[in-house]
Amino acid sequence: MAKLSDRYDPGPQVAQCGAINLGTKDLEKSLHFFSDLLGMEIVQRDGNIAYLRGYQELTHHSLVLQQQEESIVNSYSFRVKRPEDVELFATEFERQEIETLEVPTGTEAGRGTAVRFLVPGSGHPFELYYDIDKPESAEELRSKLPSNSSRRRGLGVRRIDHFNVQTSRETINQAESWVRNNLGFNRREYALHRDDTTVLASWMSVTPQVHDLAMVANSFGKTGQLHHVAFNLENLSDVLTAADVLRDYDVTFDLGPGKHGIGQAMYLYVLDPGSGHRVEIYAGGYLIFDPDWEPIKWEREQFPDGLTWYGDPFVYKGDARSLETTPSAGL
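Quick caveat, the model's predicted, so the values are computed rather than measured.

Chemist: Please give an account of the pairing of strand β9 (residues 159-168) that cites residues and values.
Modeler: Among the 10 residues in β9, 9 count as buried, and that is most of the element. Here β9 pairs with strand β13 (residues 225-232) via 7 bridges, running antiparallel. Residue pairing in the sheet places R159 in a bridge with N232 of β13.

Right, dumping it as structure tokens:
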């Protein structure tokens, strides 16, 4: 029987954050951090590439670690809502004369065909896909809960939460508006520069979360930068436990633990020992269900509370540089 929704075509849509592919100079150190400490499951390893997921992720992976000379982000991937959306997005990008690349099935293990492109105005390598395997965990890791892919282990990372990326002040308006107008991200909270026109930071989502993607102005004119990737824990006390455990393993802290006013989640920023990439341990936050949600603008005098509601003090200097050099700025 046909559904009412079958009569309408909303166009291609992004469903959620899929995975991040991180280059690391020391794969074994990165695996110890993400698997042994954070508790992510190593689903597959092919030589110098490893695929991991959280204990509530049923799909093949949300993190790819790749041994390489440079610790850079190889790709940020998002899952789309329908199989045909991959091709529909590719067709639209070609119409806009955005160079695209088809990434064949299996290029990233367990994943189907994807379209790859650089975000106009920021240069971040995004990939969009739909098809992905949903393998069962090894029997010794399997949970009795069918909604979990494996038992909770280590610090209990449930899933990937969001990406925070940076581009230059000169290009951020173009990049931020492009992802909203073309990928369907909704602006949830934001702040502007002194000119009240240029985006300082924007928190956007395609899900009820406050942000699946944040974009922040880089005061040094850099584009294509990762500020951090966030992984989700179940509750606020788990972040405090993570701080206690990671401190004992000499993992470098960047900021926290504390709580953001923007998004209202608990945070802890640490550095992956193998790659140096900034990772946010993240829990809590509010959800948005209102279809007519109006983006919340943070004025300059309010902004310190937005960045740090409590925790490590943050002195807002009223410019992008203070944001760029303080990990809490991007959430």
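Chemist: Please give an account of the packing of aromatic side chains that cites residues and values.
Modeler: Summed over the entire model, instances satisfying the criterion amount to 14 aromatic pairs. Look at F78 and F185: their rings are 5.7 Å apart centre to centre, the planes differ by 80°, and that puts the pair in the edge-to-face class. You can see F78 sitting in strand β5 (residues 73-80) and its partner F185 sitting in the loop between α3 (172-183) and β10 (186-192), a full 107 residues away along the chain. For the pair F78 and F185, one class covers both residues: buried. Over the face of the ring belonging to Y130 we find R79, whose NZ or CZ atom lies 4.6 Å from the ring centre. The side chain of R187 reaches across the aromatic face of Y190, ending 4.5 Å from its centre.

Chemist: I'd love a proper account of the UniProt feature "domain: VOC" (unreviewed entry) in the protein chain, names of residues and values included.
Modeler: According to UniProt, the "domain: VOC" (unreviewed entry) feature falls on residues 16-131 and 159-284. Between the end C-alpha atoms of residues 16-131 there is a gap of 13 Å, over a span that is 19% helix and 41% strand. Secondary structure within residues 159-284 divides into 20% helix and 47% strand; the distance between the first and last C-alpha atoms comes to 13 Å.

Chemist: Help me get a handle on the side chain of H60, residues and values and all.
Modeler: Within the secondary structure, H60 sits in the loop between β3 (49-53) and β4 (63-67). Of note is the side chain of H60, whose polar atom sits 3.4 Å from the backbone oxygen of A109. If sequence neighbours within four positions are ignored, H60 has contacts with V43, Q44, Y51, R53, A109, G110, I132, D133 and P135.

So, how was this worked out
Residues numbered from 1 in each chain as written. Predicted model: local features only at pLDDT ≥ 70, side-chain atom pairs only at ≥ 80, totals over all residues. Heavy atoms only, no water. Buried < 20%, exposed > 50% of the residue type's maximum accessible area, 1.4 Å probe, protein only. Helix = DSSP H or I, 4+ residues; strand = E, 2+ residues; numbered from the N terminus. Pairing = 2+ DSSP bridges. Phe/Tyr/Trp six-rings, centres within 6.5 Å; stacked < 30°, edge-to-face > 60°. Lys NZ or Arg CZ within 6 Å of the ring centre and 35° of its normal. UniProt positions renumbered as here; feature names shortened; annotations may be inferred. Polar contact = N/O pair within 3.5 Å; in protein donor to acceptor, adjacent residues only side chain to side chain. Contact = heavy atoms within 4.5 Å.

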